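Chain by chain, the residues run as shown.
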Amino acid sequence: MKIILANGTELNPILVKGATSFVQGAKRDTLSFVFPATEDMGALDTAFSESACESIAIIGDDESESIYKGYVIRAELKKAPVEVSPETPEAPAITEERITVSMSQRTYIETQLAILGVRV
């Protein structure tokens with residue numbers, strides 16, 4: 001999987017998840033990008049800037065492509081253990097450190113204000 005941000009930055013997350021989240025007082029569509037813990041959190045923080053996330057292209061391993069607009073609100077940047085394999089009768093659960101960057105979409109009103117050049 002590969003993502004291409006509006007400024008041309010290409011990143012290779014392990015997984016991209018979509019959900020609805022309550023961020024900055026509003027219910028918003030949110031994309032969460034999961035990276036291995038070996039990635040540099042500072043570099044990811046810089047890469048996922050507001051201007052870079054005006055447009056995000058997600059290209060799947062099967063070459064499918066989706067483009068998302070306006071996911072410019074940082075909801076989360078964290079490193080935490082994630083269960084990658086559940087516990088079974090034969091083996092314990094396996095967890096690995098992962099970095100998650102979650103970006104939320106502007107609301108309709110915020111988008112209209114941005115078009116007019118008004119910063120919220």
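The following paragraphs examine the structure supplied in this document. (Residues numbered from 1 in each chain as written. Predicted model: local features only at pLDDT ≥ 70, side-chain atom pairs only at ≥ 80, totals over all residues. Heavy atoms only, no water.)

Looking now at the pattern of salt bridges. For the coordinates displayed, the defined rule picks out 6 salt bridges. Residue Glu 110 is joined to Arg 28 by a salt bridge in which the shortest nitrogen-to-oxygen separation is 2.7 Å. Linking Glu 110 in helix α2 (residues 108-115) with Arg 28 in strand β4 (residues 26-36), this pair joins segments that are 82 residues apart in sequence. Taken as a pair, Glu 110 and Arg 28 share a single burial class, namely buried. Here Glu 76 makes a salt bridge to Lys 78, at a shortest N to O gap of 3.8 Å. Taking the relative accessible area as the measure of exposure, Glu 76 reaches 30% and is therefore partly exposed. (Salt bridge = Lys/Arg side-chain N within 4 Å of Asp/Glu carboxyl O. Helix = DSSP H or I, 4+ residues; strand = E, 2+ residues; numbered from the N terminus. Buried < 20%, exposed > 50% of the residue type's maximum accessible area, 1.4 Å probe, protein only.)

Turning our attention to the layout of surface pockets. Considered as a void within the structure, the second largest pocket measures approximately 180 Å³ in volume. Lining of the second largest pocket is provided by 13 residues; of these, Lys 17, Val 34, Val 82, Arg 98 and Thr 100 occupy positions nearest its centre. Listed by contribution, the elements that provide at least two residues to the lining of the second largest pocket are β3 (15-23), β7 (73-85) and β8 (94-104). Among the elements that line the lining of the second largest pocket, the one with the most residues is β7, at 6 residues. (1 Å grid on protein atoms, 1.4 Å probe; cavity = no way out; pocket = protein on both sides within 12 Å on 5 of 7 lines; lining within 4 Å. Points joined across faces, edges and corners; volume = space filled by probe spheres on them.)

Spatial relationships are all this shows, so hold off on functional conclusions.
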